[in-house]
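Spelled out from the first residue to the last, the chains are:
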Amino acid sequence: GKNEKTSEQKAQELFDTLSSQFAVLGSKSAILGPYKSIFTKTNAKYNIILKVATSDYSLNTRQKAIKKIENYLQIVPANWQVIVEPDSIN
């Protein structure tokens, strides 16, 4: 967002909403943030990380993990960017 204070407040509100519902996935899953992005120069950007524990790194297991968090990702407002990075764990 263009206003850093507003962006931070909205990121914290989304984090609070997600964390209140994300606990259902178990103790090995975690929600982290919001963290201010260090790669931003103009608009304020914040990162919220959802981590889901998996038994292994197979494609099938990663797809199941993504399915687990799909409902949580639908909570994210349409004007926010969502990046799912299962490829980065290989």
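Procedures and definitions
- Residues numbered from 1 in each chain as written.
- Predicted model: local features only at pLDDT ≥ 70, side-chain atom pairs only at ≥ 80, totals over all residues.
- Heavy atoms only, no water.
- Helix = DSSP H or I, 4+ residues; strand = E, 2+ residues; numbered from the N terminus.
- Salt bridge = Lys/Arg side-chain N within 4 Å of Asp/Glu carboxyl O.
- Buried < 20%, exposed > 50% of the residue type's maximum accessible area, 1.4 Å probe, protein only.
- Core = buried A, V, L, I, M, F, W, Y, C linked by side-chain atoms within 4.5 Å.
- Expected span 1.5 Å × (residues − 1).
- Arc of directions from axis to C-beta.
- Contact = heavy atoms within 4.5 Å.
- 1 Å grid on protein atoms, 1.4 Å probe; cavity = no way out; pocket = protein on both sides within 12 Å on 5 of 7 lines; lining within 4 Å.
- Points joined across faces, edges and corners; volume = space filled by probe spheres on them.

So, unusual backbone geometry
Cis geometry marks the peptide bond from glycine 33 to proline 34, where omega comes out at -10 degrees. Within the secondary structure layout, proline 34 lies in strand β1 (residues 30–36).

Considerations on the pattern of salt bridges
Considering all chains together, one arrives at 1 salt bridge under this definition. Lysine 36 is the salt-bridge partner of glutamate 4, the closest N and O atoms lying 2.7 Å from each other. Taken together, the residues span a long stretch of sequence, with glutamate 4 in helix α1 (residues 4–22) and lysine 36 in strand β1 at a distance of 32 residues. We classify glutamate 4 as partly exposed; its relative accessible area is 40%.

So, the environment of glutamine 12
Topologically, glutamine 12 is positioned in helix α1. The class of glutamine 12 is partly exposed, set by a relative accessible area of 33%. For the pair glutamine 12 and glycine 33, spaced 21 residues apart in the sequence, the C-alpha separation amounts to 8.1 Å.

Notes on the nonpolar core
The biggest cluster of nonpolar side chains holds 10 residues, and these are Leu14, Phe15, Leu18, Phe22, Ile31, Val52, Ala65, Ile69, Tyr72 and Val76. When residues of this core are traced back to their parent elements, those giving at least two are α1 and α2 (59–73). With 4 residues, α1 is the largest single contributor of residues to this core.

Some remarks on α1
Helical geometry: 3.6 residues make up each α-helical turn, so side chains three or four residues apart lie on a common side. In a regular helix each residue adds 1.5 Å, so 19 residues correspond to 27 Å; α1 covers 26 Å between its end C-alpha atoms and thus fits that length. Here α1 has its buried residues at Ser7, Ala11, Leu14, Phe15, Leu18 and Phe22. Take α1 and look down its axis: the buried residues cluster within an arc of 105 degrees, on one side only. Opposite the buried face of α1, at more than 90 degrees from it, the exposed residues are Lys5 and Ser20. Buried residues along α1 sit in contact with β1, β2 (46–51) and α2.

Some thoughts on the layout of surface pockets
Taken as a whole, the largest pocket holds about 1,400 Å³ of empty space. For the largest pocket, the lining is made up of 40 residues, of which Ile48, Ile49, Gln81, Val82 and Ile83 are closest to its centre. When contributions to the lining of the largest pocket are tallied by element, the ones reaching two or more residues are α1, β2 and α2.

Describing the environment of leucine 14
Turning to its location among the elements, leucine 14 is positioned in helix α1. With a relative accessible area of 10%, leucine 14 lands in the buried category. Along the primary structure leucine 14 and asparagine 79 are separated by 65 residues, whereas in three dimensions their C-alpha atoms are 13 Å apart. Leave out the neighbours within four places in its chain, and leucine 14 touches Ile48, Ile75, Val76, Pro77 and Trp80.

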